[in-house]
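Chains, contacts and geometry: an overview
So the chains spell out like this:
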Amino acid sequence: MAYSRPVERFRIAGEARLDGSVEVAGAKNSVLKLMAASLLAEGTTTLRSVPGILDVSFMAQLLDTLGCTAKVDTDAGTATIAVPGDVRHQCDYELVRKLRASISVLGPLLGRCGRAEVALPGGDNIGSRGLNMHVAGLESMGAKVHIEHGFVVAEAPSGLQGAEVWLDFPSVGATETIMMAAVLASGTTVIENAAREPEIVDIASMLTEMGAQIEGAGTPRIAVTGVDRLQAVDHVVVPDRIVAGTWALAAAITRGDILVRNGRAEHLELPLDKLHRAGADITVLDDGFRVRMDDRPHAVDAVTLPFPGFPTDLQAFMITLNAVSDGAAMVTENLFEGRFTFAQELTRLGAHVQTDGHHAAIRGVERLSGAPVVATDTRAGAALVLAGLVAEGETRVSAAHHVHRGYTDFAGNLRRLGADVVVEPDDTELYWT
Ligand code: EPU
């Protein structure tokens, strides 16, 4: 994917300390799939606690092109999706290329229409991001799948049949595709080595409210028994553990004190344990948690793995924390090989990071130094903004749209926590592929 001339950037005044409280909305990586799951039932689905992020509006536009009427009210935090009796089964390339999560409509469309044509997705520049497990799962349920003119075309004219599907790896996306395709299939589908992320549990909960029969979501074995029809429901999206984790790490990085309202500590056990080892004080409350860091953090190692392992989506923040820590640490990335391009940007701010294959070795420095940098994906962008907060002088983070894709009013929240951060027009000419 090529961008020219990103329109906005963050401008960050350094040497900040974050102090105060933030509210976490529903999870990006759940709401996008819940919006796709609404395709499974005729009628109006209402989602609540919907985050005000760019990806939600892309998904709403995608659903509109399929014949639905999707309305997002960012002030109320709701999305209503009116799904007609007949939905179209072909997804437009222009929208799909902006949003990796658009592949989530593949399972629901195939289950509901017996045919789906979804352009091969774009999204973050973080690695190869295959679809082989999605495809193999659907094929074992009787679908014929091929790639044609840049589209994944899946067909099951006489419907999908239940099957036993073994995933080579607990892929979040493949687990969701198969689960959503299986709810209207005939018979029982068993997904072995399924992903266990809280977002999978949330999607299974909404599907169950719609009338689906699903057992084992949140475990490595999910069993789905197909039903004839589902009904539209009203559902509250699970809080975003990655956004909550971002604020937790932000408190530690800036040696601040943040109350993360609506953050679920039970979804962040490993990251919070790492922060505790780094020297942070963590208090779990009824409606969230609080992270306070008084002194310079100690360096801590981390290895990204599927849930309940350390989330790849918090890896960039962990590198940033280590970059200003007292000591040296190793961060290992096991999911997305492209995510270390972030480390190169961080070195522009004076961080000592050396990468070799899956590993990043970081030696903490007392202070970073402000510079212009570029966001390469949602998490990298947010981490660079946080790094700018603990740099001397001013930092500018270009390609701000990456951050807008996953964080509701990131700059506004930072200002409310006491930082001097603005989003402004960007005149930097940028080209990358
Ligand atoms: N993979 C394959 N073949 C497949 C499916 C996955 O090789 O058929 C590989 C991927 O290339 C990757 C690994 O398996 O190396 C993990 O992929 P997974 O399917 O688990 O991830 P995803 O569904 O593509 C979601 C989130 C990511 C998050 C990962 C891991 C969404 C829209 N995206 O991606 O979120 O990092 O799970 O937890 O849900 C983000 O929010 O910034 C983000 C990138």
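Now for a quick tour of the structure. No experiment lies behind these values; they were computed from the predicted model shown.

Definitions and limits used
- Residues numbered from 1 in each chain as written.
- Predicted model: local features only at pLDDT ≥ 70, side-chain atom pairs only at ≥ 80, totals over all residues.
- Heavy atoms only, no water.
- 1 Å grid on protein atoms, 1.4 Å probe; cavity = no way out; pocket = protein on both sides within 12 Å on 5 of 7 lines; lining within 4 Å.
- Points joined across faces, edges and corners; volume = space filled by probe spheres on them.
- Helix = DSSP H or I, 4+ residues; strand = E, 2+ residues; numbered from the N terminus.
- Nonpolar A, V, L, I, M, F, W, Y, C, P; charged D, E, K, R; others polar.
- Pairing = 2+ DSSP bridges.
- Axes fitted to C-alpha atoms, helices over the stretch in contact; angles between N-to-C directions.
- Contact = heavy atoms within 4.5 Å.
- Near = heavy atom within 4 Å.
- Polar contact = N/O pair within 3.5 Å; in protein donor to acceptor, adjacent residues only side chain to side chain.

1. Re the layout of surface pockets
In this structure, the second largest pocket occupies an estimated 290 Å³ of space. For the second largest pocket, the lining is made up of 21 residues, of which Glu23, Val24, Ala25, Thr408 and Asn413 are closest to its centre. Listing elements by their share of the lining of the second largest pocket, those giving two or more residues are α8 (241-253) and α14 (410-416). Tallying contributions element by element places α14 first for the lining of the second largest pocket, with three residues. Grouping the amino acids of the lining of the second largest pocket by side-chain chemistry returns nine nonpolar, seven polar and five charged.

2. Focus: the sheet that holds strand β14 (residues 221-225)
The four strands are arranged β11-β12-β14-β13 in an open sheet whose pairing can be described as mixed. The sheet is open, and its two edges are formed by β11 (164-166) and β13 (213-215), each paired on a single side. When strand polarity is set aside, the average angle formed by the axes of neighbouring strands in this sheet is 15 degrees. Two strands pair when backbone bridges link them, and β11 and strand β12 (residues 188-192) are joined in this way by three bridges, in the parallel orientation. The residue bridging Val165 from the neighbouring strand is Ile191, located in β12. Against the sheet, helix α6 (residues 172-182) makes contact with β11, β12, β13 and β14, and its axis sits at roughly 170 degrees relative to β12, the strand it touches most.

3. Looking at the site of the ligand
Residues in contact with the ligand amount to 23 residues; listed here are only the nearest, Lys33, Asn132, Ser171, Asp313 and Leu335. The contact in question runs from an oxygen atom of the ligand to an N or O atom on the side chain of Lys33, over 2.6 Å. Within the backbone of Leu335, one N or O atom sits 2.6 Å away from an oxygen atom of the ligand. Of all the secondary-structure elements, those providing two or more residues to the shell around the ligand are α1 (28-37), α5 (132-140) and α6.

4. Observations regarding empty space enclosed by the protein
Counted by the stated rule, this structure contains one cavity of 30 Å³ or more. Contributing elements (two or more residues each) for the lining of the largest cavity: α10 (315-323) and α12 (378-389).

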